[in-house]
Every structure is written in C-alpha cells, then in structure tokens.
Amino acid sequence: MQILSAAFCAEYRNRIINIHHSFLPAFVGSRPYHQAHERGVKLIGATAHYATLDLDQGPIIEQDITRVGHRDDVSDLIRKGRTLEKNVLVSAVRAHLDERVIVDEHKCIVFSE
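Residues numbered from 1 in each chain as written. Predicted model: local features only at pLDDT ≥ 70, side-chain atom pairs only at ≥ 80, totals over all residues. Heavy atoms only, no water.

K.L.:
Sorry if this is basic, but what is going on with the side chain of Asp72 here?
P.N.:
Note that Asp72 resides in the loop between β3 (60–67) and α3 (74–97). The buried category is assigned to Asp72, whose relative accessible area is 14%. Apart from the residues lying within four places of it in its own chain, the contact partners of Asp72 are His37, Leu77 and Lys80. (Helix = DSSP H or I, 4+ residues; strand = E, 2+ residues; numbered from the N terminus. Buried < 20%, exposed > 50% of the residue type's maximum accessible area, 1.4 Å probe, protein only. Contact = heavy atoms within 4.5 Å.)

K.L.:
I'm lost on the nonpolar core in this one. Help?
P.N.:
If you look at soluble globular proteins, the nonpolar side chains tend to sit buried side by side. Counting 15 residues, the largest nonpolar core has Ile44, Tyr50, Ile61, Leu77, Val101 and Cys108 as the members making the most contacts within it. Secondary-structure elements contributing two or more residues to this core are α2 (32–39), β2 (43–50) and α3. Of the residues forming this core, the biggest block, five residues, is contributed by α3. With near-sequence residues (within four places) excluded, Val101 lies in contact with Tyr50, Ile61, Ala95, His96, Cys108, Ile109 and Val110. (Core = buried A, V, L, I, M, F, W, Y, C linked by side-chain atoms within 4.5 Å.)

K.L.:
Explain the environment of Gln63 to me, please; I cannot follow it from the model alone.
P.N.:
Relative to the helices and strands, Gln63 is located in strand β3. Among the residues examined, Gln63 registers a relative accessible area of 25% and is labelled partly exposed. C-alpha separation for the pair Gln63 and Lys107, spaced 44 residues apart in sequence, amounts to 13 Å. In this structure Gln63 touches Phe23, Leu24, Ala46, Thr47 and Val88, once residues within four positions along its chain are discounted.

Listed below in structure tokens is the structure:
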C-alpha cells in the first residue's frame, strides 16, 4: 500500500484507481480479509475507487461480492477475493477509459456499456 501526497492526489484527481480488497466502506485499511474472518462475515467483496488523500474513501467506481462460509479460513477468503479484485479493477478501468464515469462529489455515476 502506498499513501499518496496531497499534491499528487490534487494533480491526478479522479485519474488514479485504487483496488481495495473489501466491500467498502467495511474493513478499511490493511488486512481486511483477516478482519472479515474475525467478524465471521458471510460475504466478502472488492472495491475499485478513485484514490484520494483520505485512505479508502474515494468515490466508488465498481464493486463485487462472493459468499463465504464458516469452513473458509483466511487463505480461502484471500483466494476468493483475488478473483473479485481482478474483475472489479478491469471493470473500473474499462469504465474510466470509456469515459462512462461521472464523479459527483463523493460518489460515481457509472453508465452501462
């Protein structure tokens, strides 16, 4: 994880996409799969959002989830989450490059293809 400077965030506002391995706003920061496992969640997710100075608080472009069970350990959550992360990032980058994303203050409006 890399924390971006205020100047960098301002220069590239709404042009840097971050992938977070949780269904934000839940489990912000590091080790979200560990946090999710400790809480006994039934769903895990991934979120792609524009990077801002506030960690994991940027406008959300894309999200996805998958179900997990009590037999899943942290490594299972990580494995399942990686697939979600890849798919969410691809969708977010595609929407951004296709100019289908409008940022409205703290949220995104994403038009379908």
